[in-house]
Structure formats: structure tokens, C-alpha cells
Amino acid sequence: NQDILFNGNYLSNNNEFDQYLNRFGYKFTNENKEHAGYAILKNKKIILAMDVGSSPIKKLSKDYQSGALSFEIISKGKKLIGNSGYYANKKNKFNKLSKSTASQNTLIVEDHSSCNFIINEKSEYLIKKGLKVFNKSIVFEDNYWKISATHDGYYKRFNLNHEREIEFYPEQEKFIGYDKILRKNEKKNIEFDIRFHLHPNTKVMKTQDNKSILIELESEGWKFSCDNFNIGIDNGLYFGNKNSFKENQNIFISGTSNKLDEIIKWEIIKL
């Protein structure tokens, strides 16, 4: 009963379809934790979903958003961390913006998206150069969840891969993320950002020590922290509703790296 905002999806009303399934007694059981390139782990309180699929072929990519390894967190039916959504009107500038990596909850290198796009005669942005996701691992236990994967979308331009690992500890209601920049050489510094987009109704406030950000999600309180890199709050746009937008905010981590293996660790914990 939740819309996850990956690759062309936006909020939809499926009540009639749900009623149809209930009327005819349809019930579905699927023990797989990966569905069509998405890892989805859930219990009664939390849903953790992550895009772990490679990009589609060019002719099927008109609605693809370059958000490899982006993720969403839903807590008690409310979106804690969510991608920006999708602006479906191909003739509007927001369509291209909503397809950019900066509109997804993942790593951006030197302000570049992880996929390159070209425009066709139908004003559709199609993938020019795609990416592969590999080294996938999914662990789902009562007291420990983990999703990890790597993509090569930045390899050709920057000679690096992005590896992401997200752990969740249900008893502590704590998420720990590790974003790894894996390089083949140390020729120059690279600048990076990691975005964590929020629902327009969410309220955020930075603590006085500048090391944490408090998140108010209706009746819930969460704390975001990252000790080794700069964190901040930025304004953005939310495209969750079809062909419309609202202003929202996002948390970001920013930094510069010249290491072979740079590890950016962050945490989100319930207060």
C-alpha cells in the first residue's frame, strides 16, 4: 500500500484494484527480497527499499531515472526518506530534472549523473550510456537487515565505482549507511555529494554542533548524523504527484576525496 518513487513512478490510487483483488480472494506470497531490480525489506513498522538493478536498454529507458543504489525508508506508513519522484510530461524541463541523479537518494560525483541521456525526436530523454549493478547482497534476519551493491556509472568518466551498504537494526530502529568511492588511481581530487530527499511535510533542524540533523516526521523524531564530512540542509523540488511539484528539503553530505577507497559513513536513528 505504498508508492516507492523509482524510475518513472509517482503517487497513484490503487483502491479499485485492491478491491478487485479482495473481492476475488487473491493472495500473493513471495519470499524473494529482490523484485525486478529492487531490494525490498519490511516488517510491521519499517520498509527499506533500494534500487539494485542495472539500467535498461536504450529503447526502454524513456522513464528511467539515474538513481542506481538510491533508497527509500517508510516508517509506519509515512515516507522518512524518499526520492524526488517523477515529472512525466516530456515537454517540461522538470522531466529532465527529475531524471537526474541529484533528484535521487544516492551519490553524485562532480555534479554529474550516473547515466548520460540524449533526446530523441519525441522529446524523450533516453540513456546514451548506461550502468551495471553488481556484487549484490541482501540479508534479512529478525534483528539485522543489510542491502549492499556496487555500480559502475562513474567508471568511464572518473575511473571509480560506487558501492553502497545499508544496515538496519530493528530493535534499535537504527540505519547505518556506508557509501564507498572505489578508485583506480589518485590523480586528482573529486568532489561528491550524497542527497537524502524528504517529503514536503517533513521538518528538519540542524543541531548546534553541526554534526547532526533532527527530522520531525509527524509524531516521530529521527536523527541524521555523519561525523567525518560536512552535512547540511538544502531546498529542492518534490515531484511525487503526477506533473506537479512542491518545494521540499533534502539533507546532504558533501566532501572532497583523493583516496583510493573513500568511505562515507552516516546514520539515521529514531529518537
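To be clear, the structure that these remarks concern was listed above.
Residues numbered from 1 in each chain as written. Predicted model: local features only at pLDDT ≥ 70, side-chain atom pairs only at ≥ 80, totals over all residues. Heavy atoms only, no water.

Caption draft 1: Structural context of the pattern of salt bridges. Counted by the stated rule, this structure contains 12 salt bridges. With a shortest N-O distance of 3.2 Å, Asp-63 and Lys-90 are connected by a salt bridge. Taken together, the residues Asp-63 in the loop between strand S3 (46–51) and strand S4 (71–75) and Lys-90 in the loop between strand S5 (78–81) and helix H2 (93–98) connect sequence positions 27 residues apart. A salt bridge links Glu-173 to Lys-270; its shortest N-O distance comes to 3.8 Å. Of the two residues, Glu-173 sits in the loop between strand S11 (160–169) and strand S12 (174–183) while Lys-270 sits in strand S19 (residues 261–270), which places them 97 residues apart along the sequence. Each of Lys-62, Asp-63 and Lys-90 takes part in one network of salt bridges that share partners. (Salt bridge = Lys/Arg side-chain N within 4 Å of Asp/Glu carboxyl O. Helix = DSSP H or I, 4+ residues; strand = E, 2+ residues; numbered from the N terminus.)

Caption draft 2: Fine view of a positive patch on the surface. Taken together, the side chains of Lys-128, Lys-129, Lys-132 and Lys-156 make up a positively charged region of the molecular surface. Within the secondary structure, Lys-128 sits in strand S8 (residues 125–129). Classification of Lys-128 as exposed rests on a relative accessible area of 61%. (Patch = residues over 30% accessible without salt bridge, like charges linked within 9 Å, V, L, I, M, F, W, Y side chains within 5 Å. Areas by Shrake-Rupley, 256 points an atom, 1.4 Å probe, with all protein chains shown as cover. Lys, Arg positive; Asp, Glu negative; His and termini not counted. Charge placed at Lys NZ, Arg CZ, Asp CG, Glu CD. Buried < 20%, exposed > 50% of the residue type's maximum accessible area, 1.4 Å probe, protein only.)

Caption draft 3: The sheet that holds S4, seen in detail. An order of S1-S2-S3-S4-S5 is seen for the five strands of this open sheet, with the pairing classed as antiparallel. At either end of the open sheet lies a strand with only one pairing partner, and these are strand S1 (34–35) and S5. Where strand S2 (residues 38–42) and S3 come together, five bridges link them in antiparallel fashion. Within S3, the residue paired with Lys-42 across the bridge is Ile-47. (Pairing = 2+ DSSP bridges.)

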